[in-house]
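# Observations on the three-dimensional arrangement
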Number of protein chains: 2
Amino acid sequence: MEDIEIVQQNTPEPIEKIANKIGLTADQIEPYGHDKAKLSMAALQRLQQNPAGKLVLVTSINPTPAGEGKSTVTVGLADALQQRGQHPVIALREPSLGPVMGMKGGATGGGYAQVMPMADINLHFTGDMHALTAANNTLAALIDNHIHQGNTLNIDPKRIVWKRALDINDRALRETVIGLGKPANGEMREEGFDITVASEMMAVLCLATDLEDLKKRLGNILIAYTFDRQPIFVRDLQVQGALTVLLKDAIKPNLVQTLEHTPTIIHGGPFANIAHGCNSILATEAAIHAGNYALTEAGFGADLGAEKFLDIVTPHLSKAPDVIVVVATVRALKYNGGQKLADLSTEDIHALENGYVNLHRHLQNMQRYDIPVVVSINRFVSDSDKELAVLQDLISQEGLTSAITDVHEQGGKGGLALADLVIEAATEEVPDYQRLYDDDSSIIEKLTTIAQEIYGAKDVEFTSKAKQQLRLIERHGWDKMPICVAKTQYSFSDQPKLLGAPTGFTLTVRDLIPKLGAGFIVAMAGNVLTMPGLPKHPAAEKIDIDGQGRITGLF
Amino acid sequence: MEDIEIVQQNTPEPIEKIANKIGLTADQIEPYGHDKAKLSMAALQRLQQNPAGKLVLVTSINPTPAGEGKSTVTVGLADALQQRGQHPVIALREPSLGPVMGMKGGATGGGYAQVMPMADINLHFTGDMHALTAANNTLAALIDNHIHQGNTLNIDPKRIVWKRALDINDRALRETVIGLGKPANGEMREEGFDITVASEMMAVLCLATDLEDLKKRLGNILIAYTFDRQPIFVRDLQVQGALTVLLKDAIKPNLVQTLEHTPTIIHGGPFANIAHGCNSILATEAAIHAGNYALTEAGFGADLGAEKFLDIVTPHLSKAPDVIVVVATVRALKYNGGQKLADLSTEDIHALENGYVNLHRHLQNMQRYDIPVVVSINRFVSDSDKELAVLQDLISQEGLTSAITDVHEQGGKGGLALADLVIEAATEEVPDYQRLYDDDSSIIEKLTTIAQEIYGAKDVEFTSKAKQQLRLIERHGWDKMPICVAKTQYSFSDQPKLLGAPTGFTLTVRDLIPKLGAGFIVAMAGNVLTMPGLPKHPAAEKIDIDGQGRITGLF
């Protein structure tokens, strides 16, 4: 059965009822239809008065074409916790429309562990992504127009660092020339479009703590350099107020529910390979204070999303995670161990043992932060009992516990064993959360720490462009910020085909991009596309709707 | 006082209460916050069972920098009708974000004749504009990707007619080159961006009558020609279903209210100079059946918006207008009569009499459709009693009635005299509505009729490009559709500086663009920009918001 069919067979509770579940009244939420709502700023303040619950971070091994089901586990685990009489609240990222129309599909879980209304969330939802796109491109238009109208700020058109953005997979917009034609069309220059989820606008929204902070961050965004190489910020254009107005609703987290009516806050959606990969601070904070278990997910493998959650996001939160859940599957580990995609349904203990190194390193990495770690083995029909037993045995040899989950087929019931492990781990006395690096270290030190300690790299190399950027960043004193590495999600390294747990490689940093509104430095490692393309047969060809509004082909 | 301050001093009724006013229950609307809602498709069907009320079309003389206040009159007239015990429902267009951040400001009326919530409506509202942008650009990406992935449809990249779009004033995107760089970035080609309100996507949404019709129209959109010059439609890409899914909510009209709580349906927003300039068919139909007076407005002067409403839109409606209200101001007529902008506050009877020719021709044009016409003189503080008396006298010499309105300062009370005239005119036996031309006539005949009968042109000339397009359109049999002229809004002619009521000019048609999804042929006359630019000091510089969410500088 298609995911959307399962959702269509379930009736959501009125969203007011879900709000009641977390102690909010109908006037503290702003409904969008009958099954979606935004939490008002007053609601966020109200929630903040509650005591903090336990925070659970869900992450995973490196993604493979076999699929891991991290969102599915997050949803199913929350439903299981609810079945155990707890009061879980989920915080998730918003899906990007680009991949929905392209290949990846949505981001609302799968099977019987899904968030509703699945179609709306995967499409325009409450408009946050579009508001970000509008703010991003309004700023871009204002920059080009400033130059056209006399350029009193002396901006060098060849040194504009702000790019346009669309929430679409559009390879043709990666490299463009704009401002062609008549003089009235402005200055001709090279320009590129990123996907909105890779934009700094998205990172700023996710890291902002209120409207004032949002406006300040927007004002701090670096947009260009002058002909004499002085930095120009949004505040120099005096449009941070207008951009904040464009994001006044987008800053409010969105409330929905799982198939089992667990309150779910979905807000902000940066990709974890080219951005920081976590939902908004406001959503996580709301979840922490809205129930006794907050579950949040970080994008892609623990080398990307979780590292960024722990080193970039956590310092802004009222608390660090109490438990980290690492999702693994037999299939994905066997793929890491050399088994071919087409053969993954065949038992192969050798490949499993070989591929286990991937999980092993992620587990070691997560333990480095001094937070309890448990493993969720997301069961697939093709997994043999022996494979599952071998995997659990390998994990227990590390002194860690694991549970086999089957939330895709069973919903919360399939996650009860995992829920019990999480409850047990969360009641442990939590040692101090240890961050991986200090912001005050040099960029080279911070990058080397991430590369060696998390990725297993031998060393880090900078291209001449990256070196040039490094000098510029240091000269301006922007180097005391966390690092957000942009690299392939498929490998610990910067080379997508190096599966398992590679060592001895050099991480090559091609560029360093100061994101002064977000407050981090992006390090581009390897060839990471900030604008995806569509596949030969895009999902759009299969998506349809009938006269009664019934959607098919959305997944 | 700023318009937004007036709105901030008024408390909207809960949107459910406004829905009740038009006979809808809370579950027949989809709330967006507490003061906005979408009408569900079920609600539209429910309303359609009511008898039709009177339909009032509000239009105006050619716009001038002096401002006419057509939306303000529409809102104030509705509020006045409500004060007279009638049950008016307004249907308006959605504002475009581009001009809001640029120069023109919003489109929700002004002073005490406004629609609430003004800021939301002028910003992202319920996301319709962004959904259209997403659908527009998803289609564009699918086209370029199709070519990149093997081009089985044999599309000639130099003959793609579908353009990208953004709801932003962005001069730099008028002419671009895309697909630069690596082979994976697709085919390099010229491309342009239009403002979303000028896109065929917008026209299709506004003319669609239900989901099935929307899907059919989307499938019919002409996107390109093959290397051997055969037309390629959206249906050839098989993505009309996905595009319809992207517009599944955007097709539902939006319900809001005036400051005096008159139900107002705002939906669809094509510009009237470069598109057809009227809100959606679904919104107008809903308004017709939701009360006993439906008021709708057509964009810019009656030469553009009203002509298109009467010749393109009305054939799709269940009824033609019962009354046409033409809005004029002393100031705008004096400007048409040669008085300088800076001097408009000085009495000048001569300029008024000179400029009256503009109103005169609009009144003649509207009467040609055999629908009763009344004039609203939108009073400004600087108007002298003598000027007002002279203007009323000139109008009565044509056998028409006029009322002086002051809804900007007084709300509905300032429109009572106009309301009485409208009620009187609407009770007249309405003669048959006479359309200006038959769709079966040739394109040259239809264009000549519009140019001579409405614009006062001597004749119509086609550039060689337009002639080439004419042959192509005729060869494919696409010529039996209405004509949507794109021309300057400032003059009856295609030359912005020819004010008053010019005669003897030639209308030059530069291009003919078949919009097969919308179902009309756009005739480009003069240099009409389909992507506006920002001014030297964009409104964005003045717009701000404080920590409590209070907005300033939005107008």
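Residues numbered from 1 in each chain as written. Chains lettered and ligands numbered in written order. Predicted model: local features only at pLDDT ≥ 70, side-chain atom pairs only at ≥ 80, totals over all residues. Heavy atoms only, no water.

### Section: the environment of I349 of chain B
Residues and elements named next belong to chain B. Operational definition: Numbering of helices and strands runs from the N terminus, with a helix taken as a DSSP run of H or I at least four residues long and a strand as a DSSP run of E at least two residues long. Between buried and exposed lies partly exposed: a residue is buried under 20% and exposed over 50% of the maximum accessible area for its type, with that area taken using a 1.4 Å probe on protein chains only. Contacts between residues were defined by any pair of non-hydrogen atoms, one from each residue, lying within 4.5 Å.
Its location among the elements puts I349 in helix α15 (residues 349-367). In this structure I349 comes out as buried when scored by relative accessible area, which is 16%. Leaving out residues up to four positions away in the same chain, I349 has contacts with K386, E387 and V390.

### Regarding the sheet that holds strand β22 (residues 506-515) of chain A
To summarise the sheet geometry, strands pair through backbone hydrogen bonds and adopt either a parallel or an antiparallel arrangement. Residues and elements named next belong to chain A. Here is the rule we go by: Pairs of strands are assigned from DSSP output, requiring at least two bridges between the strands. Note on geometry: axes are lines fitted to C-alpha atoms, helical ones only across the stretch in contact, with angles between N-to-C directions running from 0 to 180 degrees.
The four strands lie next to each other as β20-β22-β23-β21, forming an open sheet whose pairing is mixed. A strand with exactly one partner marks an edge of an open sheet, and here the two such strands are β20 (459-462) and β21 (483-486). Across the sheet, the mean angle from the axis of one strand to that of its neighbour is 40°, orientation sign disregarded. In the packing of helix α19 (residues 443-455) onto the sheet, the strands contacted are β20, β21, β22 and β23 (520-525), and the crossing angle to β21 comes to about 55°.

### Looking at empty space enclosed by the protein
For the record, the criterion: In this analysis, the protein atoms alone were mapped onto a 1 Å grid. Cavities are point sets where a 1.4 Å probe fits without being able to get out; pockets are open sets with protein on both sides within 12 Å along at least five of seven lines; lining residues have an atom within 4 Å of a point. Grid points are joined across faces, edges and corners, and a volume is the space filled by probe spheres set on the points.
Using the criterion set out here, one finds five cavities of 30 Å³ or more in the structure. A volume near 150 Å³ is recorded for the largest cavity. Taken together, 14 residues form the lining of the largest cavity, with H130 and T133 of chain A together with H130, T133 and L166 of chain B sitting closest to its centre. Only α7 (128-148) of chain A together with α7 (128-148) of chain B provide two or more residues apiece to the lining of the largest cavity.

### A look at the relation of the copies chain A and chain B
Basically, it comes down to this: Least-squares superposition aligns the copies on the C-alpha atoms of those residues with pLDDT at or above 70 in both.
Rotating chain A by 180° about the axis while translating it 0.0 Å along that axis superimposes it on chain B, leaving an RMSD of 0.0 Å. As the rotation angle and translation indicate, the two copies are arranged about a two-fold axis. No C-alpha of chain A lies nearer the rotation axis than that of Y32 of chain A, which sits 2.2 Å from it. Both copies share a contact surface, since 100% of the interface residues of chain A are interface residues in chain B too.

### A closer look at the confidence of the model for chain A
Selection rule: As a per-residue quantity, pLDDT reports the predictor's confidence and falls between 0 and 100.
For chain A, the mean per-residue pLDDT works out to 95, and 99% of the residues sit at or above 70. With a pTM of 0.97, the predicted complex shows an ipTM of 0.96.

### Let's talk about the nonpolar core
As a reminder, the rule being used: Residue types Ala, Val, Leu, Ile, Met, Phe, Trp, Tyr and Cys, when buried and joined through side-chain atoms within 4.5 Å, form a set referred to as a nonpolar core.
Grouped together as the largest cluster of nonpolar side chains are 328 residues, with contacts concentrated most on L359 of chain A together with L359 of chain B. Excluding its chain neighbours within four sequence positions, the residues that come into contact with L359 of chain A are I61, V326, A328, L333, V375, L391 and I395 of chain A.

### Description of the interface of chain A and chain B
Often, the extent of an interface is quoted as the loss of accessible area upon association of its parts. As a reminder of what qualifies: Put simply, buried area is how much 1.4 Å-probe accessible surface two parts lose in total, over both of them, once they are put together. Put simply, a salt bridge is a Lys or Arg side-chain nitrogen that is within 4 Å of an Asp or Glu carboxyl oxygen. When residues are grouped by polarity, Ala, Val, Leu, Ile, Met, Phe, Trp, Tyr, Cys and Pro land in nonpolar, Asp, Glu, Lys and Arg in charged, and all others, Gly among them, in polar.
Across the boundary between the two partners, chain A contributes 70 residues, which contact 70 residues of chain B. Buried surface at the junction of chain A and chain B, both sides included, amounts to about 5900 Å², of which 64% is carbon and sulfur. Of all residues in chain A, R171, V245 and I545 of chain A give up the largest surface area on contact with chain B, accounting jointly for 10% of the area buried on that side. For the pair chain A and chain B, the interface holds six salt bridges. One salt bridge connects K215 of chain A with D544 of chain B, and the closest N-O pair in it is separated by 2.9 Å. Residue assignment for the side of chain A that touches chain B shows that the elements contributing at least two residues are β1 (29-31), α5 (97-101), α7, β8 (164-166), β9 (176-178), α9 (211-220), α11 (240-246) and β24 (544-545) of chain A. Tallying contributions element by element places α7 of chain A first for the side of chain A that touches chain B, with ten residues. Partitioned by chemical class, the residues of the side of chain A that touches chain B number 33 nonpolar, 20 polar and 17 charged.

### Some words on the sheet that holds strand β22 (residues 506-515) of chain B
Residue and element names in this part refer to chain B. Spatially, four strands are ordered β20-β22-β23-β21 in an open sheet, and the strand pairing comes out mixed. The strands lining the two open edges of the sheet, one partner per strand, are β20 (459-462) and β21 (483-486). Adjacent strand axes in the sheet meet at a mean angle of 40° when their direction is disregarded. Both β21 and strand β23 (residues 520-525) contribute to a ladder of four bridges, which runs parallel. Within the sheet, the bridge partner assigned to V485 lies in β23 and is A523. Its contacts with the sheet put helix α20 (residues 464-475) on β20, β22 and β23, and the angle it makes with β22 is roughly 40°.

### Section: the UniProt feature "binding site: ATP" (unreviewed entry) in chain A
Residue and element names in this part refer to chain A. The line we're drawing: UniProt positions are given in the numbering used here, feature names are shortened, and annotations may be inferred rather than shown by experiment. Within 3.5 Å is the distance limit for a polar contact, defined as a pair of N or O atoms, with the added protein rule that one can donate a hydrogen and the other accept it, and that residues adjacent in sequence qualify only through two side-chain atoms.
Using the residue numbers shown here, the UniProt feature "binding site: ATP" (unreviewed entry) corresponds to T64, P65, A66, G67, E68, G69, K70 and S71. With respect to the secondary-structure elements, T64 resides in the loop between β3 (54-60) and α4 (70-83). Given a relative accessible area of 9%, T64 falls into the buried group. The contact partners of T64, leaving out residues within four places of it in the chain, are A332, Y335 and N336. Within the structure, T64 has its side chain in polar contact with the side chain of E68 (distance 2.9 Å). Among the secondary structure elements, G69 is positioned in the loop between β3 and α4. On the basis of relative accessibility, which here comes to 24%, the residue G69 falls in the partly exposed class.

### A short note on the state of the cysteines
Residues and elements named next belong to chain A. This is how it is decided: When the sulfur atoms of two cysteines come within 2.5 Å, that pair is taken as a disulfide.
Using the criterion set out here, one finds zero disulfides over all chains in the structure. The thiol of C206 is unpaired, and the distance to the nearest cysteine sulfur, on C278, comes to 8.4 Å. A disulfide-free cysteine, C484 has its sulfur positioned 8.9 Å from the sulfur of C278, the nearest such atom.

### So, α15 of chain B
Residues and elements named next belong to chain B. Note the following rule: Given a helix with a known number of residues, its expected span is that number minus one, times 1.5 Å. The angle between axes fitted to the seven residues ending at a residue and the seven residues starting there is what we call the bend at that residue.
End to end, α15 covers 26 Å across 19 residues, agreeing with the expected 27 Å (1.5 Å per residue, within 8%). The axis of α15 is deflected most strongly, by about 30°, at G355. Of the positions making up α15, those classed as buried are I349, A351, L352, G355, Y356, N358, L359, R361, H362, L363, N365 and M366.

### Section: the packing of aromatic side chains
All names here are of chain B. Quick note on the threshold: Paired rings are identified among Phe, Tyr and Trp, the last through its six-membered ring, by centres lying within 6.5 Å, and are further divided according to the angle between planes into stacked (under 30 degrees), edge-to-face (over 60) and tilted (the rest). In this analysis the charged atom, NZ for Lys or CZ for Arg, is taken to sit over a ring once it is within 6 Å of the ring centre and within 35 degrees of the ring normal.
Here the structure, examined in full by the defined rule, presents four aromatic pairs over all chains. Consider the rings of F233 and W478, whose centres lie 6.4 Å apart with planes at 80°: the pair is edge-to-face. Pair noted here: F233 is in strand β13 (residues 231-233) and W478 is in the loop between α20 and β21, with a separation of 245 residues, a long-range link. With respect to class, F233 is no different from W478; both count as buried. One Lys or Arg, R235, reaches over the ring of F233 and ends 4.2 Å from the middle of that ring.

### Some thoughts on the environment of A80 of chain B
Residues and elements named next belong to chain B. Examined against the element boundaries, A80 turns out to sit in helix α4 (residues 70-83). Judged by its relative accessible area of 0%, A80 falls in the buried class. Sequence separation of A80 and D170 is 90 residues, and the distance between their C-alpha atoms is 39 Å. What A80 contacts, discounting residues up to four positions off in sequence, is G412, G415, L416 and A419.

### Overview of the pairing of strand β6 (residues 113-116) of chain B
Residue and element names in this part refer to chain B. With burial as the criterion, each face of β6 is covered, one bearing A113 and V115 and the other bearing Q114 and M116. Where strand β5 (residues 109-110) meets β6, two bridges bridge the pair, whose relative direction is antiparallel. Its bridge partner being in β6, G109 is matched across the sheet by Q114. Taking the residues that link successive antiparallel strands as the turn, the β5-β6 hairpin has two residues, and the phi of G111 there is positive, at about 60°. In the sheet, β6 pairs with strand β14 (residues 254-258) via two bridges, with the strands oriented antiparallel. Paired with V115 across the strands is T258, a residue of β14.

### Structural notes on the domain arrangement of chain A
Residues and elements named next belong to chain A. Put simply, the test is: Marked domain ranges trace back to an automatic or database domain assignment.
As assigned here, chain A comprises domain 1 (3-127 + 250-426), domain 2 (132-246) and domain 3 (443-525). Taking the mean C-alpha position of each, domain 1 and domain 2 sit 33 Å from one another. If you look at the interface, domain 1 gives 23 residues, while domain 2 gives 17 residues. A per-residue breakdown of the area domain 1 buries against domain 2 is headed by I251, H276 and I281, which together make up 26% of the total. There are zero salt bridges connecting domain 1 and domain 2. Taken together, domain 1 and domain 2 are joined by five residue pairs in polar contact (both at pLDDT 80 or more). Mapped onto the side of domain 1 that touches domain 2, the elements with two or more residues apiece are α5 and α12 (281-290). Among the elements that take part in the side of domain 1 that touches domain 2, α5 stands out by supplying three residues, more than any other.

### So, the packing of α15 of chain B against helix α16 (residues 385-397) of chain B
Residues and elements named next belong to chain B. Operational definition: What makes a crossing left-handed is the near helix being turned counterclockwise from the far one by less than a right angle; a clockwise turn instead makes it right-handed.
Across the interface, α15 lies against α16 with an axial gap of 11 Å and an inter-helix angle of 35°. For α15 against α16, the interelement crossing comes out right-handed. Of the residues in α16, those in contact with I349, L352, E353, Y356 and L359 of α15 are K386, E387, V390, L391, L394 and I395. Residue composition of the contact of α15 with α16, grouped by class: eight nonpolar, no polar and three charged.

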